[in-house]
Amino acid sequence: MSANESNGTAPLAGIKVVELARILAGPWCGQLLADLGAEVVKVEKPGEGDDTRQWGPPFVRDADGNDLGAAFYHSTNRGKRGVAIDISTPDGQAAVRALLDDADVLIENFKVGDLARYGLDHASLRGDYPRLISCSITGFGQTGPYSHRPGYDFIIQGMGGLMSMTGEPDGPPQKAGIAAADIFTGVYSAVGIMAALRLRNETGRGSHVDMSLLDVQVAVLANQALNWMTSGRVPHRMGNGHANLSPYQSFPAADGALVIAVGNDSQFRRFCDVLGLGLGTDPRFATNPARVTNRLELIPLLEAATRSWTKAQLAKKLEAAGVPAGSINTVAEAFADEHVRSRGMRIERDGIPGVASPIVIDAVRMVSAGASPPLACRSDP
């Protein structure tokens, strides 16, 4: 059951969001707020709409074969109402302001300074809408020497350090298989907006939330950033290995590979017992710091043993022994997994497939009941 299909009130019911955003980070934020119950009005350029409507193939088609837009667009715009407004015109600017008359939040991802030309930036709106929360999402933020630059996820993954740590040790830097910087920024933006809403409850005033893709990418370097700050050693590409744990990586099996994630010394001893290896008390490997230090000796010994098992056999034995493990699935296999199916992660709205929000509150999954909006042909605040 989704939030909008339940009898309960969704957490953000009564909150109105105007989305002047396109591509991914801003729309991802808007979709998350819509899933949590907010009314989200997506403003698109007349006749064109969000760029991602044409980011295909593949394209979603209805039962009659009509093109409903790229799958990419539908992945990030569920649950919104669409309007077409040309904000470069006085009438368009007035139409946006009409939407803002009863709005709580404005999400925008224009380059720094662009909305000021139309009187729709936070500074221009603050006097007329003192309770409005504006969230500006840009590549590099509202200040700093790069603030004028356009920002794209791929560039940010490179500049923010992620690619330098992704890939095989002897291979080139690699980006993540999804737009990680964009998606993380969308989620962090939603958190910032909800914090600003909470602050408004106390002060009665709106806020300007300044979200930078580069800030977010640097922030989610997490333990790798602290590894460097603490040791002075720059993190490097380790394939599927882990900088701070061992063994914590993929291992070969007779019919493929699986991930085995040993998080403590007792799990390592049980792992060795399953494999029939007497390494659990070997002083070279008995503790995690020792295993990390002696990783190059340890991993070949483990790999030689895991190769004699099938993925299913080894995973079953490890589960029984309390050792975390899992198969490496394709996207299709992930959605076919019995647990993913039981959690209802694949959804459909008005004939359009989708992926559910991961948020469940009081046994209710926070997913809006509506599909992505069709391309609007006129302004209709």
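Preceding this section is the structure that the text describes.
In this report, the structure presented in the accompanying data block is examined.

Reading the values: the criteria
- Residues numbered from 1 in each chain as written.
- Predicted model: local features only at pLDDT ≥ 70, side-chain atom pairs only at ≥ 80, totals over all residues.
- Heavy atoms only, no water.
- Helix = DSSP H or I, 4+ residues; strand = E, 2+ residues; numbered from the N terminus.
- Contact = heavy atoms within 4.5 Å.
- Patch = residues over 30% accessible without salt bridge, like charges linked within 9 Å, V, L, I, M, F, W, Y side chains within 5 Å.
- Areas by Shrake-Rupley, 256 points an atom, 1.4 Å probe, with all protein chains shown as cover.
- Salt bridge = Lys/Arg side-chain N within 4 Å of Asp/Glu carboxyl O.
- Buried < 20%, exposed > 50% of the residue type's maximum accessible area, 1.4 Å probe, protein only.
- Pairing = 2+ DSSP bridges.
- Axes fitted to C-alpha atoms, helices over the stretch in contact; angles between N-to-C directions.
- Core = buried A, V, L, I, M, F, W, Y, C linked by side-chain atoms within 4.5 Å.
- Parallel < 35°, antiparallel > 145°, perpendicular 65-115°, else oblique.
- Left-handed = near helix turned anticlockwise from the far one by under 90°.
- Nonpolar A, V, L, I, M, F, W, Y, C, P; charged D, E, K, R; others polar.
- Phe/Tyr/Trp six-rings, centres within 6.5 Å; stacked < 30°, edge-to-face > 60°.
- Lys NZ or Arg CZ within 6 Å of the ring centre and 35° of its normal.
- Polar contact = N/O pair within 3.5 Å; in protein donor to acceptor, adjacent residues only side chain to side chain.

To continue, consider the environment of Val18. Along the chain, Val18 turns up in strand 1 (residues 16–20). Those residues within four positions of Val18 in sequence are excluded, and the remaining contacts are Val41, Val43, Leu99, Leu100, Ala103, Val105, Leu106 and Ile107.

Another point: the side chain of Ser134. Within the secondary structure, Ser134 is located in strand 7 (residues 133–138). Among all residues touching Ser134, those that are not within four sequence positions of it are Leu106, His122, Ser207, His208 and Val209.

Right, let's talk about a nonpolar patch on the surface for a bit. Together, Tyr146, Tyr152, Ile155 and Met159 make up a nonpolar patch on the protein surface, roughly 400 Å² of accessible area in all. Structurally, the position occupied by Ile155 is in helix 5 (residues 153–159).

Inspection of the entire model under this criterion finds 15 salt bridges. Between Arg53 and Glu44 there is a salt bridge; the shortest N-O distance is 2.8 Å. No difference in accessibility class separates Arg53 from Glu44, as the two residues are buried. Between Glu48 and Lys45 there is a salt bridge whose closest N-O contact spans 3.9 Å. Among the residues examined, Lys45 registers a relative accessible area of 48% and is labelled partly exposed. Taken together, the shared-partner salt bridges connect Glu19, Lys42, Asp50 and Lys80 into one network.

Judged by pairing direction, the sheet is antiparallel, and its three strands sit side by side in the order 9-10-11 without closing on themselves. Each edge of the open sheet is held by one strand with a lone partner, namely strand 9 (248–253) and strand 11 (325–327). Here the strands of the sheet are splayed against their neighbours by 30° on average, with no regard to which way each runs. As paired elements, strand 9 and strand 10 (residues 256–261) share six bridges and run antiparallel to each other.

The biggest cluster of nonpolar side chains holds 31 residues, and the ones touching the most others in it are Val17, Leu33, Val105, Ile107 and Ile193. The set of elements that each furnish at least two residues to this core consists of helix 1 (25–35), strand 6 (105–108), strand 7, helix 6 (180–203), strand 8 (208–212) and helix 7 (213–219). Sequence-distant contacts of Ile193, defined by excluding residues within four places in its chain, comprise Cys29, Leu33, Val105, Ile107, Ile133 and Cys135. Judged by nonpolar contacts, the second largest core, of 21 residues, contains Val274, Leu298, Ala305 and Ala321.

Between helix 9 (residues 265–275) and helix 11 (residues 295–306), whose axes approach to 10 Å, the crossing angle comes to 40°. As far as their axial angle goes, helix 11 and helix 9 are oblique. For the pair helix 9 and helix 11, the sense of crossing is left-handed. Only Leu298, Leu302, Ala305 and Thr306 of helix 11 make contact with helix 9, whose side of the interface consists of Phe268, Phe271 and Leu275. Per-class residue counts for the contact of helix 9 with helix 11 are six nonpolar, one polar and no charged.

What follows concerns the packing of aromatic side chains. Summed over the entire model, instances satisfying the criterion amount to three aromatic pairs. Ring centres 5.0 Å apart and planes at 70° place the aromatic pair Trp55 and Phe72 in the edge-to-face group. One end of the pair, Trp55, is in the loop between strand 2 (39–44) and strand 3 (59–61); the other, Phe72, is in helix 2 (residues 71–74), with 17 residues separating them in the sequence. With relative accessibility at 29%, the residue Phe72 sits in the partly exposed group. Lying across the ring of Tyr73, Arg53 places its NZ or CZ 4.0 Å from the centre. Sitting over the face of the ring of Phe268, Arg291 holds its NZ or CZ atom 4.5 Å from the ring centroid.

Let us now look at the side chain of Asp104. Within the fold, Asp104 resides in the loop between helix 3 (90–100) and strand 6. With a relative accessible area of 12%, Asp104 lands in the buried category. A distance of 2.9 Å separates the side chain of Asp104 from the backbone nitrogen of Lys16, its partner in a polar contact. Polar contacts involving the side chain of Asp104 include one to the side chain of Arg200, which spans 2.8 Å.

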